[in-house]
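What follows is the residue order along each chain.
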Amino acid sequence: MVLGEGAMAPYDQDSHRMGGLPMTTSHYMFTYTLDTMRVVLSTPKMEAETPEAMDWGVAMVEVVSLVANFAPVAEDMQVFMPADPSGGVNTIELRGHDDECGELEYTLTSLPTEGKVFLCSCENIWTKPVLEVPQSVAGPCHRLVYQPQANMPAGDADGSKPFDHLTYTVTDAAGAASAPATVSLYVMPSGDDTCEAPPCSVPSAGKPGLALAFDGESSILTLGDAEALKVAPPALSLESWFKLKGAAGGVLLAKAGSYRLGWTRLSGLGCEVMTTLGMVGAATPLAYDDHMWHHAACTYHPGSATVSLYVDGHLAATGTADRPAPPASNYGAFDPVPLHFDAHAVATAGATASLDGDGFFFGYLDEVRVWAVALTAHEVMANMMLTEEMTGLEKGLLCYYPMNDMAEGYSAGTFVWDKSATM
């Protein structure tokens, strides 16, 4: 009788002699990682007068479980999916089993880092995003939908490592929980359904919900050649969602001699703008290097000559130009301090145009916007809370890169489009 892999060793023995012959009852223990069951082998009773009349062999085999309730098992999985999440094709059906064949409760215990995961039912896909764990995954299908958010994998460039992963557990009716299981997610280019095992190809961009990835070594996004980006506007606002993949550093948005939104030499997030009185800046000591998504906005108002830095919708730091005392003819009112831009400098994201080694950003950028107005605190918060793309027709919007429409260039890398009306 084979009960599974493991060793069977004597548990205890009771030996004596009957009719001059040995009589032994042996107990055996099957040992896996834990003691799980005992097998008892007993010889028949020997009541005959002579050995020739006795019964020989095994009289009884008894299997006794040493565990009152076996813990269920959540299965590790490899899931291969296209980068296009439309129609719920990136569906993950969690799997677990229980030796007692009882009902199991499925719980998501960690979230993916390179995309979003949504709860769904057997009939209704995309019911709601999962924002925190633990999160129960209802039956009977126990399904999730995964949506990748970037145009490059987190693992090796050849796709030999998973693009993303999540973990889950199962719990039986008696409250016994499984060890966490890992779902490894391999993402294929859109339209490629041939990948069945790693390595898979690098996922391509071009579908809603994506962000633009920067490798921290050579990646740079040039914000076009629009005339509106060359000259100094009457006021300025810079916006971007970002998520660091490594140490804090680099720039989110920059234009040499004009403005810079990124990390300072002290690794805190900061913003600087060039005015007719020189550079004015504001910075926070926080690096926001927790590898989570954050919204950054920098505004400059010439009337107050103040730079305001907002992070996740809240004012994080301010800085004001050192202005000379106002002339008596102004009755104590300061003159506005205009911006001063280098008309020949190129506006960039993810790195400085000079490709300075300290300027490279390692992570993801999304919803990049440059404005010719100083957004109010209320407008910054409203922009951060948007759940859909802007139209591009918003007043004062100089450039707008939602990063959801991309194409792979033959020699120049990834193209993204400016959705603003200035283009």
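Residues numbered from 1 in each chain as written. Predicted model: local features only at pLDDT ≥ 70, side-chain atom pairs only at ≥ 80, totals over all residues. Heavy atoms only, no water.

### Here's the deal with the overall build of the protein chain
Thought 1: Within the protein chain one finds one helix and 30 strands.
Thought 2: The proportion of buried residues among the 423 residues of the protein chain is 43%.
Thought 3: Carbon and sulfur atoms form 55% of the exposed surface of the protein chain, whose accessible area is close to 21400 Å². (Helix = DSSP H or I, 4+ residues; strand = E, 2+ residues; numbered from the N terminus. Buried < 20%, exposed > 50% of the residue type's maximum accessible area, 1.4 Å probe, protein only. Areas by Shrake-Rupley, 256 points an atom, 1.4 Å probe, with all protein chains shown as cover.)

### Side note on the environment of Cys120
Thought 1: With respect to the secondary-structure elements, Cys120 resides in strand E10 (residues 115-120).
Thought 2: Cys120 sits 29 residues away from Thr91 along the chain, and the two C-alpha atoms are 8.8 Å apart.

### Things to note about the side chain of Thr275
Thought 1: Relative to the helices and strands, Thr275 resides in strand E21 (residues 269-275).
Thought 2: A residue is classified by how much of its surface remains accessible, and Thr275, at 2% relative accessible area, is buried.
Thought 3: Among the polar contacts made by the side chain of Thr275, one reaches the main-chain amide nitrogen of Leu277 at a distance of 3.1 Å.
Thought 4: From its side chain, Thr275 meets the backbone oxygen of Gly278 in a polar contact 2.7 Å long.
Thought 5: Aside from chain neighbours lying at most four places away, what touches Thr275 is Val280, Tyr300, Val337, Pro338, Leu339 and His340. (Polar contact = N/O pair within 3.5 Å; in protein donor to acceptor, adjacent residues only side chain to side chain. Contact = heavy atoms within 4.5 Å.)

### A closer look at the layout of surface pockets
Thought 1: Its volume calculated, the second largest pocket comes out at about 410 Å³.
Thought 2: Elements with a contribution of two residues or more to the lining of the second largest pocket: strand E20 (259-263), E21 and strand E22 (278-283).
Thought 3: Of the residues in the lining of the second largest pocket, the class split is five nonpolar, nine polar and five charged. (1 Å grid on protein atoms, 1.4 Å probe; cavity = no way out; pocket = protein on both sides within 12 Å on 5 of 7 lines; lining within 4 Å. Points joined across faces, edges and corners; volume = space filled by probe spheres on them. Nonpolar A, V, L, I, M, F, W, Y, C, P; charged D, E, K, R; others polar.)

### What to know about the sheet that holds E20
Thought 1: With antiparallel pairing, the six strands of this open sheet are ordered in space as E17-E26-E19-E20-E21-E22. Two strands in the sheet have a free side with no partner beyond their single neighbour: strand E17 (221-222) and E22. (Pairing = 2+ DSSP bridges.)

### Details of the packing of aromatic side chains
Thought 1: Going through the model one piece at a time under the given rule, you end up with seven aromatic pairs.
Thought 2: Geometrically, the ring pair formed by Phe80 and Tyr186 is stacked, given 4.9 Å between the ring centres and 25 degrees between the ring planes. On the criterion of sequence distance, the pair formed by Phe80 in strand E6 (residues 77-82) and Tyr186 in strand E15 (residues 181-188) is long-range, its members being 106 residues apart.
Thought 3: Summarising the aromatic geometry, the rings of Phe214 and Phe361 are spaced 6.2 Å apart at their centres and angled 65 degrees between planes, so their arrangement reads as edge-to-face. Of this pair, Phe214 sits in strand E16 (residues 212-215) while Phe361 sits in the loop between strand E26 (347-349) and strand E27 (362-371); the two residues are 147 residues apart in sequence, bridging distant segments of the chain. The pair Phe214 / Phe361 is uniform in exposure class, with both members buried.
Thought 4: Linked through ring pairs, Phe214, Phe242, Trp263 and Phe361 together constitute an aromatic cluster. (Phe/Tyr/Trp six-rings, centres within 6.5 Å; stacked < 30°, edge-to-face > 60°.)

### Some thoughts on the sheet that holds strand E7 (residues 91-93)
Thought 1: Within the open sheet, the four strands sit side by side as E7-E13-E10-E11. Their pairing is antiparallel. Edge positions in the sheet fall to E7 and strand E11 (128-129), since each of these pairs with one other strand and no more.
Thought 2: Here E10 pairs with E11 via two bridges, running antiparallel. Each residue of the ladder has a partner; that of Leu119, found in E11, is Lys128.

### Let's talk about the state of the cysteines
Formally, a disulfide is one covalent bond, and it connects the sulfur atom of one cysteine to the sulfur atom of another.
Thought 1: Applying the stated rule across the entire model yields one disulfide.
Thought 2: Paired through a disulfide, Cys271 and Cys298 show a sulfur-sulfur distance of 1.9 Å. Because the sign of the S-S torsion sets the handedness, a value of about -80 degrees for the bond joining Cys271 and Cys298 places this disulfide among the left-handed ones. Here Cys298 lies in strand E23 (residues 294-301) and Cys271 lies in strand E21, a separation of 27 residues in the sequence. Accessibility classification places Cys271 together with Cys298 in one group, the buried group. (Disulfide = S-S within 2.5 Å.)

### So, the pairing of E10
Thought 1: Among the six residues of E10, five are classified as buried, and the element is accordingly described as predominantly covered.
Thought 2: The pairing of E10 with strand E13 (residues 143-148) spans six bridges and is classified as antiparallel. Residue Cys120 lies in a different strand from E13, and its bridge partner there is Arg143.

### Concerning the pattern of salt bridges
Side chains bearing opposite charge may pair, as long as their charged atoms lie close to each other.
Thought 1: A full pass over the atoms with the stated rule returns five salt bridges.
Thought 2: The shortest N-O distance in the salt bridge between Arg95 and Glu75 comes to 3.3 Å. Here Arg95 is found in the loop between E7 and strand E8 (96-97), whereas its partner Glu75 is found in the loop between strand E5 (73-74) and E6, with 20 residues between them in sequence.
Thought 3: Since its relative accessible area comes to 27%, Glu75 is described here as partly exposed.
Thought 4: Through salt bridges with shared partners, a single ionic network connects Glu239, Glu367 and Arg369. (Salt bridge = Lys/Arg side-chain N within 4 Å of Asp/Glu carboxyl O.)

### Some details on the side chain of Asp98
Thought 1: Mapped onto the fold, Asp98 is located in the loop between E8 and strand E9 (105-110).
Thought 2: Lacking a salt bridge, the buried Asp98 has Arg95 as its closest oppositely charged neighbour, with an N-O distance of 16 Å.
Thought 3: Here Gly102 takes part through its backbone nitrogen, which lies 3.4 Å from a polar atom of the side chain of Asp98.
Thought 4: If we ignore the near neighbours within four places in the chain, the residues touching Asp98 are Phe70, Pro72, Leu104 and Asp172. (Lys, Arg positive; Asp, Glu negative; His and termini not counted.)

Spatial relationships are all this shows, so hold off on functional conclusions.
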